[in-house]
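Architecture and fold: a report
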Amino acid sequence: MGGLALRSLRRRAGAFTASFLSMLLGSAIIMAFASMYDTAEASGATGQTRSTLVTMAMVVGGWGLLLVVFAVTSTLTLSVRQRAAEMALLKSVGATPAQITRMIAGEAAALAALAALLGAVPGALGGRALLGLLHGTHQVPGDVPYAFGTFALGTGIGVTFVSATVAALITARRAARVRVTESLMAAAADPGRLGRRRAVFAGVFLFLAVDEAVVTMTMMRGKGTDAMAASGQADIFAAIGLALLAPLIVRRATALLAGPVRAFGIAGDLAVTNLRRRTGAMASAVTPIILFTGIAVGTLFLQATENGAMDRSGLAKTADQKGIETLNLVVIGMVVLFAAIMLVNTLVAATVHRRREFGQARLAGATPAQVLGTVALESAVLTVVGVACGTVASVFTIIPFAVARKGSAVPDGSAWIYAGVVALAAALTAITALAAARRTLRTPAVDAVTA
């Protein structure tokens, strides 16, 4: 199946773009943070300097790894889901489940190898910028030189290749076991069922979030800055858990919002129909919104509460506290960048794939403006769902830390922080979806249907 995998990559390059970019960005992020360990080793740093560099490499890099694996799995799942008709054709001509699994795994491995190699350049540049940030905040002496060595390269290449291959095997297993008739039905409609394994993993991550929240409010109460270590992880666990439940959440949200959306006329009717028929693709699109909102809001309010507590105490921040603040800011920057690119990739891939659907709607009498209105309403629903779930995820961090740090469930921080995060999530979703749809509509309806 190696030759078939390569031919598939050449023929459907556009369908693999989202997966490839997720791998490329992921490898660059991992290498950038891992290079802090190379820097510590090459410079012979000791004491607080070495601790700062190693912590940056291991702690932030570890969370980056988790997000990368999750993103690669999500985009690969979307890519395979869009190829349901192709899978059905292969099965109908005698392809076995093992052959299809090897084909999908081979495609992922080829993409991962290329992405990891290309990711070395932005990874090295990102690592240099990260060290510059540490120099600028005086957490690492300015005479410590940057080093990008075997640890960064090995970690980036190894993690990207392994995570992509594992994600492909997980995705391929379900695709290979589905019967031909079910594959054909999935090509026409994408209900996005919530599998048992996905539900179990969602339960595990939500349990971890609850556990971290309880530990923060009980064992870490009155422990000052140390409570940040426990509470800061809760929103990440919760966001991933809710993202895994996205197919179920999107389906329920569509039923709840169907009435208000249909009030917009033909565009509203089309939007509700598409949300119900394409639940799986919509769930993939809402995932980065949940991650972005949950982690960004949780971390920003976490840091605002800590800053407020320090101001009330009248004490100056220690070197460790400054380091934690920098870590939080770096985490937010990483999440914003990664989630934004993941959101753009996913929405573009999902929207461009709908060229035939848009063409059929136009041949049935829908105008380009009505199609764009449909996409806008779908984006609005996805934004509402993603922001709502992300807000719930952030609560697992915000309230427990406020209780532990100041004895009150009300956190510090301005409402403008929350408004800014929501506005950015809405703008990214709407602009990306509408731009991709507008570009897709340039193709004549007849050509789109027959393509």
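Up top is the structure these notes are about.
All of these numbers come straight from a predicted model, not from anything done at the bench.

Rules used in this analysis
Residues numbered from 1 in each chain as written. Predicted model: local features only at pLDDT ≥ 70, side-chain atom pairs only at ≥ 80, totals over all residues. Heavy atoms only, no water. Helix = DSSP H or I, 4+ residues; strand = E, 2+ residues; numbered from the N terminus. Buried < 20%, exposed > 50% of the residue type's maximum accessible area, 1.4 Å probe, protein only. Contact = heavy atoms within 4.5 Å. Areas by Shrake-Rupley, 256 points an atom, 1.4 Å probe, with all protein chains shown as cover. Axes fitted to C-alpha atoms, helices over the stretch in contact; angles between N-to-C directions. Parallel < 35°, antiparallel > 145°, perpendicular 65-115°, else oblique. Left-handed = near helix turned anticlockwise from the far one by under 90°. Nonpolar A, V, L, I, M, F, W, Y, C, P; charged D, E, K, R; others polar. Expected span 1.5 Å × (residues − 1). Salt bridge = Lys/Arg side-chain N within 4 Å of Asp/Glu carboxyl O. Phe/Tyr/Trp six-rings, centres within 6.5 Å; stacked < 30°, edge-to-face > 60°. Core = buried A, V, L, I, M, F, W, Y, C linked by side-chain atoms within 4.5 Å. Patch = residues over 30% accessible without salt bridge, like charges linked within 9 Å, V, L, I, M, F, W, Y side chains within 5 Å. Lys, Arg positive; Asp, Glu negative; His and termini not counted. Charge placed at Lys NZ, Arg CZ, Asp CG, Glu CD.

Notes on the overall build of the protein
Summing up its helical and strand segments, the protein has 18 helices and zero strands in all. Counting across all 451 residues of the protein, residues that qualify as buried make up 51%. Intrachain contacts of the protein at a sequence separation of at least 6 include 86% that bridge at least 24 residues. Accessible surface, the protein as shown: approximately 19200 Å² in total, 68% of it carbon and sulfur.

Focus on the packing of helix 11 (residues 246-262) against helix 16 (residues 368-406)
Running from N to C, helix 11 and helix 16 cross one another at 125°; their axes reach a closest spacing of 11 Å. Our classification of the angle between helix 11 and helix 16 gives oblique. Helix 11 and helix 16 meet at a crossing whose hand is right-handed. Together, I249, A253, L257 and V261 of helix 11 and L377, V381, V385 and C389 of helix 16 make up the contact between the two elements. For the contact of helix 11 with helix 16, a count of residues per class yields eight nonpolar, no polar and no charged.

Side note on helix 9 (residues 196-218)
For helix 9, built from 23 residues, the straight-helix expectation of 33 Å at 1.5 Å per residue is met to within 8% by its first-to-last C-alpha distance of 33 Å. Listed as buried for helix 9 are A202, F205, A209, E212, A213 and T216.

Section: the pattern of salt bridges
Taken as a whole and judged by the stated rule, the model has five salt bridges. R312 serves as the salt-bridge partner of D412, at 3.1 Å between the closest nitrogen and oxygen. Taken together, the positions of D412 in the loop between helix 16 and helix 17 (415-440) and R312 in helix 13 (residues 279-313) put the pair 100 residues apart, joining distant regions of the chain. A relative accessible area of 17% means that D412 is categorised as buried. According to the relative accessible area criterion, R312 is exposed, its value standing at 51%. Residue D412 is joined to K406 by a salt bridge in which the shortest nitrogen-to-oxygen separation is 3.4 Å.

Focus: the packing of aromatic side chains
Taken as a whole, this structure holds two aromatic pairs when the rule is applied. Taking the centre distance of 4.6 Å and the plane angle of 40° together, the rings of Y37 and F151 count as tilted. Placement of Y37 in helix 2 (residues 17-43) and of F151 in helix 7 (residues 150-177) is noted, with a sequence separation of 114 residues between them. Arranged with centres 6.2 Å apart and planes meeting at 35°, the rings of F205 and F237 form a pair that is tilted. Of this pair, F205 sits in helix 9 while F237 sits in helix 10 (residues 227-244), placing them 32 residues apart in sequence. Like F205, the residue F237 is buried in the burial classification.

Looking at helix 10
In this model helix 10 runs 27 Å from its N-terminal to its C-terminal C-alpha over 18 residues, within 8% of the 26 Å that 1.5 Å per residue would give. Along helix 10, 15 of the 18 residues are buried, which leaves the element largely enclosed by surrounding structure.

What to know about the packing of helix 16 against helix 17
Two elements in contact, helix 16 and helix 17, have axes separated by 9 Å at closest approach and are oriented at 150°. Considered as vectors, helix 16 and helix 17 are oriented roughly antiparallel to each other. Where helix 16 crosses over helix 17, the handedness of that crossing is right-handed. Packed against helix 16, whose contacting residues are L372, V375, A376, S379, T383, V387 and T391, the element helix 17 presents Y418, V422, A425, A426, T429, A430, A433, L434, A437 and R438 at the interface. Here the residues of the contact of helix 16 with helix 17 are counted per class, giving twelve nonpolar, four polar and one charged.

Section: the nonpolar core
Counting 47 residues, the largest nonpolar core has I240, V286 and I290 as the members making the most contacts within it. Every element with two or more residues in this core is listed here: helix 9, helix 10, helix 11, helix 12 (266-277), helix 13, helix 14 (319-352), helix 16 and helix 17. Per element, the largest residue contribution to this core is twelve residues, and it comes from helix 13. In this view, V286 contacts A246, V250, L382, V385 and G386; residues no more than four positions away in its chain are not counted. Ranked by size, the runner-up nonpolar core spans 21 residues in total, among them I29, A71, V140 and M342.

Quick word on a positive patch on the surface
A surface patch of positive charge is lined by R355, R438, R439 and R442. Judged by relative accessible area, R438 falls into the exposed class, the value being 51%.

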